[in-house]
Amino acid sequence: MIRILLITAIGGLLNFTPMISLKTPGMREFSSHGTTVYAMEKDAAEVERAAVHEYVHVLTDRRNKGMDYWLKEGFSLYLAGQQPSAEAIRRDRDITFHEFQNPNAIQFAEVGGYTLAYALMEYLEQEYGWERVLEFLQPDHGYPEVTGYDKELVFKDWLMDI
């Protein structure tokens, strides 16, 4: 097993509290010599998918820093092959447009964003094709420019699909 450390940096200080508040499945506490670290044990394939996920973030941020949060996570999850189960999607699909429109990292996780963002990308590819989905990578390209519809209408159609 490989341990993945989940650490966030805030103001130059390491902060583990946000990750713990996400109630991430598999999170464990490791203590040694007065230091506590929170981590997950993952197999090599999961580590590779996590690395691809984070690398996709780097690439999408270089292309379009203003990209919608759900799309950023969606691209990363989708391209890393981090497909959720159908059961997880059904469990998390009761989401409001407000939750979809204005997420922060913690709220995104709490509403099932890491499950649903993959489903969003799958929907967008099926409805509009991958070439159009890639247009979200262009600066100033949001839902109206790529789909021809505003974000709320795409959201409602997507929810009906899942």
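Residues numbered from 1 in each chain as written. Predicted model: local features only at pLDDT ≥ 70, side-chain atom pairs only at ≥ 80, totals over all residues. Heavy atoms only, no water.

J.: What is the right way to read the overall build of the chain from this model?
T.: Counting its regular elements, the chain contains 10 helices and 5 strands. A separation of at least 24 residues holds for 60% of the contacts in the chain among residues at least 6 apart in sequence. Per element, the accessible surface of the chain, about 9,600 Å² overall, is 52% carbon and sulfur. (Helix = DSSP H or I, 4+ residues; strand = E, 2+ residues; numbered from the N terminus. Contact = heavy atoms within 4.5 Å. Areas by Shrake-Rupley, 256 points an atom, 1.4 Å probe, with all protein chains shown as cover.)

J.: Help me out: how do you make sense of the packing of helix α7 (residues 113-128) against helix α10 (residues 151-161) in this one?
T.: Axis angle and axis distance: for two packed helices, these are the angle between their axes and the distance between the axes, and together they describe the pair. Between α7 and α10, the shortest axis-to-axis distance is 10 Å and the interhelical angle comes to 100°. Classed by the angle they form, the pair α7 and α10 counts as roughly perpendicular. Contacts from L116, A119, L120, Y123, L124, Q126 and Y128 of α7 reach α10 at V154, D157, W158 and D161. In terms of residue class, the contact of α7 with α10 is built from 8 nonpolar, 1 polar and 2 charged. (Axes fitted to C-alpha atoms, helices over the stretch in contact; angles between N-to-C directions. Parallel < 35°, antiparallel > 145°, perpendicular 65-115°, else oblique. Nonpolar A, V, L, I, M, F, W, Y, C, P; charged D, E, K, R; others polar.)

J.: Just checking my understanding: could you explain a nonpolar patch on the surface for this structure?
T.: A grouping of Y55, V58 and L59 is seen on the molecular surface, where their side chains present a nonpolar patch of about 280 Å² in accessible area. Inspection of the secondary structure assignment puts Y55 in helix α2 (residues 44-63). (Patch = residues over 30% accessible without salt bridge, like charges linked within 9 Å, V, L, I, M, F, W, Y side chains within 5 Å. Salt bridge = Lys/Arg side-chain N within 4 Å of Asp/Glu carboxyl O.)

J.: Can you help me understand the confidence of the model for the chain in this one?
T.: Counting all residues, the mean pLDDT for the chain is 82, and 77% of those residues have values of 70 or more. pLDDT under 50 marks residues 1-23. Its contacts with residues more than four places away, or in other chains, come to 45 contacts. (pLDDT = per-residue confidence, 0-100.)

J.: When you look at helix α3 (residues 69-79) in this model, what are you seeing that I'm missing?
T.: A large share of α3 lies buried, amounting to 9 of its 11 residues. The complete set of buried residues in α3 reads W70, L71, K72, E73, G74, F75, S76, L77 and Y78. Its side-chain oxygen at 2.9 Å from the backbone nitrogen of W70, D68 defines the N-terminal cap of α3. Remark: G81 follows α3 within two positions and exhibits a positive phi of approximately 70°. (Buried < 20%, exposed > 50% of the residue type's maximum accessible area, 1.4 Å probe, protein only. Polar contact = N/O pair within 3.5 Å; in protein donor to acceptor, adjacent residues only side chain to side chain.)

J.: Just checking my understanding: could you explain the environment of L153 for this structure?
T.: Here L153 shows up in helix α10. On a C-alpha basis, the gap between L153 and F97 in space is 9.8 Å, while along the polypeptide they are 56 residues apart.

J.: Whenever I open this one, unusual backbone geometry confuses me. Can you help?
T.: In terms of backbone geometry, most residues other than glycine have negative phi values and most peptide bonds are trans. Residues other than glycine seldom take positive phi values, yet D140 does so here, at roughly 65°. You can call D140 exposed: its relative accessible area is 71%.

J.: Got a minute to help me understand the environment of Y118 in this structure?
T.: Considering the arrangement of structural elements, one finds Y118 in helix α7. A sequence separation of 43 residues divides Y118 from F75, and the C-alpha atoms of the two residues are 7.6 Å apart. Not counting chain neighbours up to four residues away, the residues in contact with Y118 comprise L77, Y78, Q82, Q83 and P84.

J.: Help me understand the packing of aromatic side chains, please; the structure alone is not making it clear to me.
T.: Note on aromatic pairs: each is described by the distance of the centres and the angle between the planes. Evaluated as defined, the whole model comprises 14 aromatic pairs. For the pair W70 and F100, a centre-to-centre distance of 5.0 Å together with 50° between the ring planes defines the contact as tilted. Of this pair, W70 sits in helix α3 while F100 sits in helix α5 (residues 97-101), and the two are 30 residues apart along the sequence. Across the pair, F100 and W70 agree in class, each one buried. Taken together, the ring pairs connect Y69, W70, F97, F100, F108, Y114, F155 and W158 into an aromatic cluster. One residue, K151, lies across the ring of F100, its end atom 5.2 Å from the ring centre. (Phe/Tyr/Trp six-rings, centres within 6.5 Å; stacked < 30°, edge-to-face > 60°. Lys NZ or Arg CZ within 6 Å of the ring centre and 35° of its normal.)

J.: Would you explain the side chain of T60 in this entry?
T.: Of note, T60 is situated in helix α2. A polar side-chain atom of T60 sits 3.2 Å from the main-chain carbonyl oxygen of H57. Sequence-distant contacts of T60, defined by excluding residues within four places in its chain, comprise K65, M67, F75 and L137.

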